[in-house]
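What the coordinates show
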Amino acid sequence: MPRIVVDVMPKPEILDPQGKAIAGALPRIGLTGFAAVRQGKRFELTVDGEITEQILEQARHAATTLLSNPVIEDVTRVEVIEEDAP
Amino acid sequence: MTSTSIETPLIGDLQSMTGNDDGPLAAVRVGVVTFPGSLDDRDAMRAIRLAGGSAVELWHGDHDLQEVDAVIIPGGFSYGDYLRAGAISRFAPLMEQITQAATGGADALPVLGICNGFQILTEAHLLPGSMIKNEHLHFLCRDQRLRVENADTHWTGEYWAGEEVVIPLKNQDGQFVADNRTLDELEGEGRVVFRYVGGNPNGSRRNIAGISNTAGNVVGLMPHPEHAVEAGFGPDSSARGEVGLRGGTDGLGIFTSVLRKLVG
């Protein structure tokens, strides 16, 4: 079934303590090539049937009202994704 | 009950302890909302009774505020903190009623959000800002010293501005954040109600532990005043001087404040 992907990231000016902890752990497994890590969230909204502009609009609304908090997060993507191969 | 009492009363007959069950404050009905995952709803109800008021159980899924005079949104992990702390609870049917009743000036419904309750109030846009993970990423549980910055809100009238209190702090997502414009506005309007003293425990902007809305009827704070209301079950210290083991009751004033305010 078709899906809409919503990506949410912490705002650039907000310190991301989880991302910072991950950045600190990477060198411990020998991976030293990364200067910083920021951790976000990905949501997949599955649609039963065709994705219309109206449903896409609902997804955008969900993204800004429930899936993210505009005080600390930005919605960076609301997009229909192609069906994965089975 | 006197706050200097060091004897441990244990869980017992509340009425004999408070001694004011038929006093004027008993007519004030304060609702405490339970969500799936609330933890401190019973403690908040007990705090209301110890302060002399009447506690009313409220259920998040109901549409009826049962004509309560004030509401406490208690601490805990409603919906397991899924998505973001408070993000799902904010859309509970009862929250719609509360949001409506709490908006509209100084006569609006007094609402106190403690810890997860504070997070719910920010998600509901009744209070500005938001809480993110503690700077150090650890769950922190300790007795915390705070300064009451604003003693004019509905929930802090029993204190004086500048008075310090010691009440427990226990959370993982306790770092208060907001943009600088919002922070300046909060400071300028005297809406920073509580500030951490003796070190910032979680990275909160400008050491902010609690804030209010413009009218002062809605207050949110991260530490737990309901855990510092009863000698024998409170912190080991008090900002008012030496107390016995678990003898700190500095949080009780929050609850007596709203009762006195409502009695007029």
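Basis of the calculations
Residues numbered from 1 in each chain as written. Chains lettered and ligands numbered in written order. Predicted model: local features only at pLDDT ≥ 70, side-chain atom pairs only at ≥ 80, totals over all residues. Core = buried A, V, L, I, M, F, W, Y, C linked by C-beta atoms within 7 Å. Buried ≥ 20, exposed ≤ 12 C-beta atoms within 10 Å, placed from the backbone. Contact = placed C-beta atoms within 7 Å. Pairing = 2+ DSSP bridges. Helix = DSSP H or I, 4+ residues; strand = E, 2+ residues; numbered from the N terminus. Axes fitted to C-alpha atoms, helices over the stretch in contact; angles between N-to-C directions. Nonpolar A, V, L, I, M, F, W, Y, C, P; charged D, E, K, R; others polar. Expected span 1.5 Å × (residues − 1). pLDDT = per-residue confidence, 0-100.

All right, on to the nonpolar core then. In terms of nonpolar packing, the biggest core is built from 69 residues, with B:V30, B:V71, B:V111 and B:F255 touching the most fellow members. Once residues within four sequence positions are removed from consideration, B:V111 is found in contact with B:V71, B:I73, B:I98, B:A102, B:L126, B:N217 and B:V218. Judged by nonpolar contacts, the second largest core, of seven residues, contains A:I4, A:V6, A:V8 and A:A63.

Here we take up the sheet that holds strand β11 (residues 218–221) of chain B. Residue and element names in this part refer to chain B. In spatial order, the strands read β2-β1-β3-β4-β11-β10-β9-β6-β7; together these nine strands make up an open sheet with mixed pairing. Of all the strands in the sheet, the pair left with one neighbour each is β2 (54–59) and β7 (164–171). For this sheet, the mean angle separating the axes of adjacent strands, direction not counted, is 25°. Of the pairings in the sheet, the one linking strand β6 (residues 140–148) to β7 comprises eight bridges and is antiparallel in character. Opposite R142, over in β7, you have L169 as the bridge partner. In this fold helix α2 (residues 41–50) packs onto β1 (29–34), β2, β3 (70–73) and β4 (111–114), with an angle of close to 175° to the strand it touches most, β1.

Okay, the sheet that holds strand β3 (residues 73–81) of chain A next. All names here are of chain A. The antiparallel open sheet is built from three strands, whose spatial order is β2-β1-β3. The two strands at the open ends of the sheet, each matched to only one other strand, are β2 (41–46) and β3. Going across the sheet, the axis of each strand differs from the next one's by a mean of 20°, ignoring polarity. Two elements, strand β1 (residues 3–10) and β2, share six bridges in a ladder whose sense is antiparallel. When the bridges of β2 are listed, V5 appears paired with E44. Along the sheet face, helix α2 (residues 53–67) touches β1, β2 and β3 and points at about 30° away from the line of β1.

A few words now on the interface of chain B and chain A. At the junction of the two partners, chain B supplies eleven residues and chain A supplies eight residues. Partitioning the side of chain B that touches chain A into residue classes produces five nonpolar, two polar and four charged.

Looking now at unusual backbone geometry. Residue and element names in this part refer to chain B. At Y79, a residue that is not glycine, the phi angle is positive and equals roughly 50°. Mapped onto the elements of the fold, Y79 is located in the loop between β3 and α3 (93–102). The class of Y79 is buried, set by 20 C-beta atoms lying within 10 Å. A positive phi angle is found at L83, which is not glycine, with a value near 70°. Within the secondary structure, L83 is located in the loop between β3 and α3.

Now for the pairing of β2(B). The pairing of β1(B) with β2(B) spans six bridges and is parallel. When the bridges of β2(B) are listed, B:V30 appears paired with B:A55.

Residues and elements named next belong to chain B. A rise of 1.5 Å per residue sets the reference length of helix α6 (residues 252–263), with its twelve residues, at 16 Å; its end C-alpha atoms lie 17 Å apart and thus fit the reference within 8%. In terms of burial, α6 is largely enclosed, as nine of its twelve residues are buried. Of all the positions in α6, only L252, G253, I254, F255, T256, S257, V258, L259 and K261 are classed as buried. Elements in contact with the buried residues of α6: β1, α2 and β3.

What follows covers the confidence of the model for chain B. Mean pLDDT over chain B stands at 92; residues scoring 70 or higher make up 92%. A low-confidence stretch, residues 1–10 of chain B stays under pLDDT 50, and its non-local contacts, those more than four residues away or across chains, total 15 contacts.

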